[in-house]
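# Residue-level structural notes
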Amino acid sequence: MRVLLAVFACGLRRYSTYRVATLSSIVVNGVFGAVNAMVLLAVFDARPRINGYTAEDAVTQVFLAQSLIGITAIFGPPLDLGGRIRDGQVAMDLLRPVGFVRWWLAQDLGRAAFALLSRTAPTFAVGLALFDLALPADPLRWAALAAAVALAVLVGFGLRYLYALAGFWLMDTRGVNAVAWLAGPFCSGMVLPLVLFPDPVAAVLRTLPWAALVQVPAEILLGRTVLPGGAAGGLAYQAVWAALLLALGAALTARATRRVVVQGG
Amino acid sequence: MTSVPLTTPVIDARGLGRDFTRVSGPLLRRRRERVNAVHDVTFSVAPGEIIGYLGPNGAGKSTTMKMLTGILSPSHGRVRVCGLEPSRQRTLLAGRIGVVFGQRTTLWWDLPLRDSLALTRHLYRVPAADHAARLAELTELLELGPFLATPVRQLSLGQRMRGDLTAALLHAPELLVLDEPTIGLDVVSKSAIREFLLRLNTEQGTTILLTTHDLGDVERLCRRVVVIDHGSLAFDGDLARLRATAPTPRTLVVDLAGPADPIEVAGARTVRVEGPRQWLELSANPAEVIAAVAGAHSVADLTLREPDIEDVVARLYSSGRAAAGAPRREDPVSG
Ligand SMILES: Nc1ncnc2c1ncn2[C@@H]1O[C@H](COP(=O)(O)OP(=O)(O)OP(=O)(O)O)[C@@H](O)[C@H]1O
Ligand SMILES: [Mg+2]
């Protein structure tokens, strides 16, 4: 545990050195959120309620999504692991006396913690300043949101870990990443809340892991959960996906390190 | 006399081999080809030895290092390192050995060197006091002081290498595995690292296995060398014996007062002439040749050059299969 805390701290410090990247992503998240919100407001102008969502709900989800981009890394950055597999640097990671998955998880949680402090708060503040957001007064709901965000980070890591691990078999994960960075934002409800998709499409997307990144946390914040059990149902859905992805990651890691070749002399 | 095993070997490789499948050609007409990168390598290393693992490019040195450290599983044979099976017990073994791959780094690129070194305390669960003492010692020996606070990406290659060596040694490993630790370093840095490794070996008894193309490293550090060629063991024994196995003549470099015709004396053959300087390959006692040269010419200076280990190894390679019959080291340890 001490080890992982130390790795976590290194991850946090490491990302805190990227000052320009942090600053520019706050600007991008804020601007993109504002544009996205105005588009949705225009849509809701024609129909005040869509599948139970009000304009306020939709705009709130947009800013929650923008605030989560940094922590869950829906748009990247990919884990360094993919590149390290390709150029053989992964050898050095395998030579550490720490579990491989845990090493990468601890480091990525450090990254997420830094993003939470540096990106999430300012981005959400932009939303609060420019738009009317539908925020709950109930502290329990905020607590549930905090848990949902934590689980979203785990799911985000689980997905990105698998994308990167594909490198052991594919050698080049740029294709995987390209597809992932396209699919993630749509399937998660980031670009458009899933309630605005045609019902059959939304039904499918709600079973996939990406929904755990934005849609489920947003519904928990808005009090509009569709899963049985309300917020608890949403959290359970996220927890199941997090566990599945991490278990798959661990199993594939064991396989990769046994069978697969570390590149480079 | 019967020999009794005094110590268990740190490294014990028996019939170690590794095949790769190399895929080539265009997507639709892929050809698969099996490459036998390492073949039937047997050697063992006793505690406290410094071994040079030598061979030309592509011989299989790095592949062997990967199998010894557990990041690649062998296709054939078996290997024990510190009594463990590397590929199955990789994480456990990692706590007992130190590894430096010259072209790679374990340091955090964006963070000050100090942070990566501090992390090793937790990674290897070193008691804080031991860690601090060892870090202070290594900082002094490797002169890390001036750049401990510098982000690793801003370090020069030589500085980074010293940082990597420190990171590999803070947990006082029994075995240090080095794959080309002096690659790309200048003469001063090379010599600093060599002296450091020698001290580490003599004072702390750390066993060292290193691959290198720098034969200065070998001559300074390794009493025993293992030579591998095309994946197979070509020689295992004393450096001195390697010289004897592939004998290479000594060279006498003669500086004359001025340019002259090639020197002709008994027991030597002039192989090169450059202005007043001539190179003579010796086949007889150097003293006699020197006397003969000095008697017949006006000599400004003389140097006797010992054959470079580089020449010796090159000879061993070029003698090809014949080298496979070269005397193998009698294993002092019965397993
Ligand atoms: N991943 C791989 N796939 C296919 N062949 C490989 C792979 N890795 C190494 N080889 C082959 O195995 C052989 C040995 O490679 P290795 O890297 O062990 O050589 P080396 O002795 O370290 O050489 P160098 O001195 O150039 O570092 C080479 O012929 C190389 O092409
Ligand atoms: Mg090599």
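Labelled according to an unreviewed UniProt entry, chain B appears under the name ABC-2 type transport system ATP-binding protein, originating from Actinorugispora endophytica. You can read under Subcellular location (unreviewed entry) in the UniProt record for chain B the words "Cell membrane".

Naming follows an unreviewed UniProt entry, where chain A appears as ABC-2 type transport system permease protein of Actinorugispora endophytica.

Let us look at the pattern of salt bridges. Under the defined criterion, the tally for this structure stands at 26 salt bridges over all chains. For Asp110 of chain B, the salt bridge goes to Arg14 of chain A, with nearest N and O atoms at 3.4 Å. Residue Asp110 of chain B is located in the loop between β5 (97-101) and α3 (113-123), and its partner Arg14 of chain A is located in helix α1 (residues 2-16); the two belong to separate chains. Like Arg14 of chain A, Asp110 of chain B is buried. Residue Glu174 of chain B pairs with Arg96 of chain B through a salt bridge whose shortest N-O separation is 2.7 Å. Linking Glu174 of chain B in the loop between α5 (157-169) and β6 (175-179) with Arg96 of chain B in the loop between α2 (90-94) and β5, this pair joins segments that are 78 residues apart in sequence. Take Glu174 of chain B: its relative accessible area is 37%, and that puts it in the partly exposed class. In this structure, a network of salt bridges that share partners links the residues Arg14 and Asp80 of chain A together with Asp110 and Arg153 of chain B.

As a further point, take the pairing of β6 of chain B. Residue and element names in this part refer to chain B. A large share of β6 lies buried, amounting to five of its five residues. Bridge count for β5 against β6 is five bridges, and the pairing is parallel. From the neighbouring strand, Phe101 faces β6, where its bridge partner is Asp179.

What follows covers the interface of chain B and chain A. Of the residues lining the interface, 28 residues belong to chain B; the matching set on chain A comes to 32 residues. Of the roughly 2,800 Å² buried between chain B and chain A on both sides combined, carbon and sulfur atoms contribute 60%. Counting the surface chain B buries against chain A, the share from its top three residues, Arg104, Trp108 and Leu123 of chain B, is 24%. Our count for the contact surface shared by chain B and chain A stands at two salt bridges.

To continue, consider helix α11 (residues 215-222) of chain A. Residues and elements named next belong to chain A. When you tally the buried positions in α11, you get eight out of eight residues, the bulk of the element. When α11 is considered as a whole, its buried residues turn out to be Gln215, Val216, Pro217, Ala218, Glu219, Ile220, Leu221 and Leu222. The inward-facing, buried residues of α11 contact α3 (55-72), α7 (139-165) and α12 (231-259). Positioned one or two residues after α11, Gly223 has a phi angle of 70°, which is positive.

A few words on the site of ligand 1. Lining the immediate environment of ligand 1, one finds 16 residues, of which Gly58, Lys61, Ser62, Thr63 and His213 of chain B sit closest. Mapping the residues near ligand 1 onto chains gives chains A and B. At 3.0 Å from an oxygen atom of ligand 1 is found a side-chain nitrogen or oxygen belonging to Arg22 of chain B. Ser62 of chain B is positioned such that a nitrogen or oxygen atom in its side chain is 2.8 Å from an oxygen atom of ligand 1. Here ligand 1 has 630 Å² of accessible area as a free molecule, and 77% of this is covered by the chains. Broken down by secondary-structure element, the contributors of at least two residues to the shell around ligand 1 are β1 (11-24) and α1 (61-69) of chain B.

Further remarks concern the nonpolar core. Leu81 and Tyr161 of chain A together with Ile11, Phe43 and Val81 of chain B are the most contacted members of the largest nonpolar core, which totals 67 residues. Dropping the residues within four chain positions of it, Leu81 of chain A is found in contact with Val90, Phe100, Trp104, Tyr161, Ala164 and Leu165 of chain A. The next biggest cluster of nonpolar side chains, apart from the first, holds 43 residues, and it includes Leu54, Leu155, Ala167 and Leu239 of chain B.

Residue and element names in this part refer to chain B. With 92% of its residues at a pLDDT of 70 or more, chain B shows a mean pLDDT of 87. Contacts of residues 321-335 to residues separated by more than four positions or lying in other chains number 25 contacts, the stretch itself having pLDDT below 50. Both scores are available for the predicted complex, with the pTM at 0.85 and the ipTM at 0.84.

Let us now look at the UniProt feature "domain: ABC transporter" (unreviewed entry) in chain B. Within this structure's numbering, the places UniProt gives as "domain: ABC transporter" (unreviewed entry) are residues 23-255 of chain B. Measuring from the first to the last C-alpha atom of residues 23-255 of chain B gives 55 Å, for a span that is 36% helix and 26% strand.

Definitions and limits used
Residues numbered from 1 in each chain as written. Chains lettered and ligands numbered in written order. Predicted model: local features only at pLDDT ≥ 70, side-chain atom pairs only at ≥ 80, totals over all residues. Heavy atoms only, no water. UniProt positions renumbered as here; feature names shortened; annotations may be inferred. Salt bridge = Lys/Arg side-chain N within 4 Å of Asp/Glu carboxyl O. Helix = DSSP H or I, 4+ residues; strand = E, 2+ residues; numbered from the N terminus. Buried < 20%, exposed > 50% of the residue type's maximum accessible area, 1.4 Å probe, protein only. Pairing = 2+ DSSP bridges. Contact = heavy atoms within 4.5 Å. Buried area = accessible area lost by both parts, 1.4 Å probe. Near = heavy atom within 4 Å. Polar contact = N/O pair within 3.5 Å; in protein donor to acceptor, adjacent residues only side chain to side chain. Areas by Shrake-Rupley, 256 points an atom, 1.4 Å probe, with all protein chains shown as cover. Core = buried A, V, L, I, M, F, W, Y, C linked by side-chain atoms within 4.5 Å. pLDDT = per-residue confidence, 0-100.

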